[in-house]
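Breakdown of the fold
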Amino acid sequence: MAVDPHLEAKAAEKCEVVQHMIRRIERAVNNNEEEDRQWLRNMIDPNDACLSTLLKILVEPEYGGFLGLRCVFLRAVQLILKIAVAMVKGPHASDASVGLWCLVHLVGDELTCTVLPVVVHTAEHDQCEPLAACNALMMLAELGPEALAAHLAPRLIDLFVQLPDRADDLVEVALRFHAQGGDQRSELLDAAVSRPGGSNLCEVLLQVVNRADVKRRLRALKVLTGCLNQPGSETLLYTNDIRVLVEILLRELPNHTDEEQAFKCYADCLKALTMRCKVAREHRRAEVLQVLHDLQEDDSSMPVVRDQCAAIYAAVTASQ
């Protein structure tokens, strides 16, 4: 079908304006000066028409065929929602669906109910434009579990293959899926093991475990452990990645003996890895066993530390 040149020009102009706005938002977040913070606060004021205008254009049928416009607008909306969530104070701040609450607060129920099916459809069906699906998933992730539905997990995993350059964004969506628990977590883990993108996901999770801040490291470890506990996950990690993960766990395990939750994350991952992967049981085996033995015998170790080290030691030695 022929595209109206006038409409095409309008779409291009709107894209340019919103791309400029995205760059300004990113600069304001990075600079974080008082002037920048005030500008961002103004943007998420319910009296400011910016967000509602973006959403109305996003669902406008005449712009439905312009996937480039949809990509840019979804990215802008996601950034604005992220800022709105970060500024929430009080009881709503700890709500898993705080992003959805922000959206309703800023643009109202009617526009929210109109927008959500369009965004979900974009995440599900835009096979010809994976970037639009990626940006749609990122927006839904900001909204919380009511919007980021379990059936979208396979699409997310497939995008790790289609969009390797967006792996950092996609892994954040994966972490949100897992944190939501329930069906979302189950669907994510099932998809990771059954689809080619699962290995890509685990490769990126390994980078998070090795380099990110403590909170994100532990979240990534939980996802990796969940994947490894799935039947059929023996070939999920590449051989070299298994060795790297063993070395990370060997390095970090003794550093967290006084932090029960963190230690459990590292220990659970090591146990799942050694039980599932022969390479993990063989790589630096003597050192792994020595560390586990030392922690188990250390009188200053918490009981949970000694118990978990004994269980992992037994699992590793039983494989001889």
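Notes on the structure in this doc start here. Every value quoted in this text rests on a predicted model; they were computed, and no experiment measured them.

1. Section: the environment of Arg155
- In this fold, Arg155 is placed in helix α8 (residues 153–162).
- Arg155 sits 33 residues away from Leu188 along the chain, and the two C-alpha atoms are 9.8 Å apart.
- Engagement of the side chain of Arg155 in a polar contact is seen with the backbone oxygen of Ala123, the distance being 3.0 Å.

2. Considering the side chain of Ser233
- Take Ser233: it is sitting in the loop between α12 (214–228) and α13 (239–252).
- At 2.9 Å, the side chain of Ser233 and the backbone oxygen of Gln230 are in polar contact.
- Beyond its immediate sequence surroundings of up to four residues, Ser233 is in contact with Val193, Cys227, Leu228 and Arg276.

3. Quick notes on α8
- With 7 of 10 residues buried, α8 is to be regarded as a mostly interior element.
- Residues of α8 that are buried: Ala153, Pro154, Arg155, Leu156, Ile157, Leu159 and Phe160.

4. Points about the pattern of salt bridges
- Summed over all chains, the structure comprises 16 salt bridges.
- Across the pair Asp169 and Arg166 runs a salt bridge, and its minimum N-O distance is 2.8 Å.
- A residue is classified by how much of its surface remains accessible, and Asp169, at 25% relative accessible area, is partly exposed.
- For Glu287, the salt bridge is made with Arg284, and the minimal N-O distance between the two is 2.5 Å.
- Arg284 gets classed as partly exposed once you look at its relative accessible area, which sits at 31%.
- Here the residues in one salt-bridge network are Glu142, Glu172, Arg176, Arg216 and Arg219, joined through shared partners.

5. A short note on the layout of surface pockets
- As a volume, the largest pocket reaches approximately 660 Å³.
- Around the largest pocket sit 24 residues that line it, and Glu172, Arg176, Ala179, Lys215 and Arg219 are the ones nearest its centre.
- Within the residue set of the lining of the largest pocket, elements represented by two or more residues are α4 (67–86), α5 (98–107), α7 (130–143), α9 (167–180) and α12.
- A per-element tally of the lining of the largest pocket places α9 first, with 6 residues.
- Split by residue class, the lining of the largest pocket holds 10 nonpolar, 5 polar and 9 charged.
- Considered as a void within the structure, the second largest pocket measures approximately 470 Å³ in volume.
- The wall of the second largest pocket is formed by 24 residues, among which Val29, Gln78, Leu79, Lys82 and Ile83 lie closest to the centre.
- With 6 residues, the top contributor of residues to the lining of the second largest pocket is α4.
- Looking at the lining of the second largest pocket residue by residue, the class counts come to 11 nonpolar, 3 polar and 10 charged.

Criteria and thresholds
Residues numbered from 1 in each chain as written. Predicted model: local features only at pLDDT ≥ 70, side-chain atom pairs only at ≥ 80, totals over all residues. Heavy atoms only, no water. Helix = DSSP H or I, 4+ residues; strand = E, 2+ residues; numbered from the N terminus. Polar contact = N/O pair within 3.5 Å; in protein donor to acceptor, adjacent residues only side chain to side chain. Contact = heavy atoms within 4.5 Å. Buried < 20%, exposed > 50% of the residue type's maximum accessible area, 1.4 Å probe, protein only. Salt bridge = Lys/Arg side-chain N within 4 Å of Asp/Glu carboxyl O. 1 Å grid on protein atoms, 1.4 Å probe; cavity = no way out; pocket = protein on both sides within 12 Å on 5 of 7 lines; lining within 4 Å. Points joined across faces, edges and corners; volume = space filled by probe spheres on them. Nonpolar A, V, L, I, M, F, W, Y, C, P; charged D, E, K, R; others polar.

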